[in-house]
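Listed here are the chains, written in short residue letters.
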Amino acid sequence: TIFVLGISLILSNGCDIIDALESYQANIAGSVDVNPSGNDAVIVDSEFFCLSDNDTYQDYADKVESIEFAKAAFRTNPAYSGDVRGNITVTLAPSVGSAITRTITNANPADYISTPYELELTESELTALNDNLQTQLEAGFDICINASVSITITSGTPPYAVDGVVDYNFIADINLE
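In what follows, the accompanying structure is described. Please read all numbers here as calculations on a predicted model, not as lab measurements.

**Focus: the sheet that holds strand S7 (residues 117-118)**
The four strands are arranged S1-S10-S4-S7 in an open sheet whose pairing can be described as antiparallel. At either margin of the open sheet sits one strand with a lone partner, and together these are strand S1 (23-34) and S7. Relative to strand S10 (residues 164-175), S1 runs antiparallel, the two sharing 12 bridges. The partner of Gly30 across the bridge, within S10, is Tyr168. The strands that helix H3 (residues 123-139) touches are strand S4 (64-76) and S10; relative to S4, the one it contacts most, it runs at about 130 degrees.

**A word on the sheet that holds strand S5 (residues 85-94)**
In space, the four strands of this open sheet follow the order S3-S8-S5-S6, with antiparallel pairing throughout. This sheet does not close on itself; its edge strands, each paired only once, are strand S3 (42-50) and strand S6 (100-107). Along the sheet, successive strands turn relative to each other by an average axial angle of 10 degrees, direction set aside. Pairing of S5 with strand S8 (residues 144-155) involves 10 bridges; the strand directions are antiparallel. Opposite Ile88, over in S8, you have Ile151 as the bridge partner.

**As for the state of the cysteines**
Taken as a whole and assessed by the stated rule, the structure comprises one disulfide. What pairs with Cys50 in a disulfide is Cys144, and their sulfur atoms sit 2.0 Å apart. Since a negative S-S torsion denotes a left-handed disulfide, the Cys50-Cys144 link at about 105 degrees is right-handed. With Cys50 in strand S3 and Cys144 in strand S8, this pair connects stretches of sequence that are 94 residues apart. Per residue, the accessibility class of Cys50 equals that of Cys144, and both read buried.

**Digging into the packing of aromatic side chains**
On inspection of all chains with the given rule, the structure shows six aromatic pairs. Measuring from centroid to centroid gives 4.1 Å for Phe49 and Tyr168, while their planes differ by 5 degrees, and the two rings are stacked. Remark: Tyr168 occurs in strand S10 and Phe49 occurs in strand S3; sequence separation between them is 119 residues. Overall, Phe49 belongs to the buried group, its relative accessible area being 7%. Aromatic side chains Phe69 and Phe170 sit 5.8 Å apart centroid to centroid with 80 degrees between the ring planes, which places their arrangement in the edge-to-face category. Within this pair, whereas Phe69 is found in strand S4, its partner Phe170 is found in strand S10, the two being separated by 101 residues in sequence. Taken individually, Phe69 and Phe170 each receive the classification buried, so the pair is uniform in this respect. Put simply, the rings of Phe49, Phe69, Tyr168 and Phe170 touch in pairs and so form one group of aromatic residues.

**Some points on H3**
Its 17 residues place the ends of H3 24 Å apart at the C-alpha level, agreeing with the 24 Å of an ideal helix rising 1.5 Å per residue. Along H3, the residues classified as buried are Leu129, Asn130, Asn132, Leu133, Gln134, Gln136 and Leu137. Check the buried side of H3 and you find it contacts helix H2 (55-60), S4, S5, S8 and S10. Following H3 by one or two positions, Gly140 adopts a phi angle in the positive range, close to 85 degrees.

Cut-off values and rules
Residues numbered from 1 in each chain as written. Predicted model: local features only at pLDDT ≥ 70, side-chain atom pairs only at ≥ 80, totals over all residues. Heavy atoms only, no water. Pairing = 2+ DSSP bridges. Helix = DSSP H or I, 4+ residues; strand = E, 2+ residues; numbered from the N terminus. Contact = heavy atoms within 4.5 Å. Axes fitted to C-alpha atoms, helices over the stretch in contact; angles between N-to-C directions. Disulfide = S-S within 2.5 Å. Buried < 20%, exposed > 50% of the residue type's maximum accessible area, 1.4 Å probe, protein only. Phe/Tyr/Trp six-rings, centres within 6.5 Å; stacked < 30°, edge-to-face > 60°. Expected span 1.5 Å × (residues − 1).

In short, shape yes, function no, at least from these values alone.
Here it is in structure tokens:
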């Protein structure tokens, strides 16, 4: 009876199981170091990251049907021991489309060692970014984003330096057929 029940379940849900094996959602996560430093009242650093440099993306690059932004966050590396305080501006600028910018006012970078600052996007920002990502994917372009961190110093002792990281996460729909 259990055998018959098992066969019945497989037959009735077989198409769902097969469909599930034809596609997969891959989590494409990574980090880019951003280390603003200097003696000026505003310190800045930026780094490009491209999904083609991500191992998970490389594994599925020719099978990616769609890609969406999931989240990004700024954090300070645990080794940071500076006394900088200021307005931290984090910008994600895709190679196509509008930049996303968030500012943390009167911030101490040390506050973001164990609790990263997540960049929350509005619905319209998320839609525009995802549309741009999909357009780049369909055109066969490498998806690259410039991650920038600038700090307008309000207190601290020069030379100023912050050892920061921008973490990113995308979700890709992979066709396994």
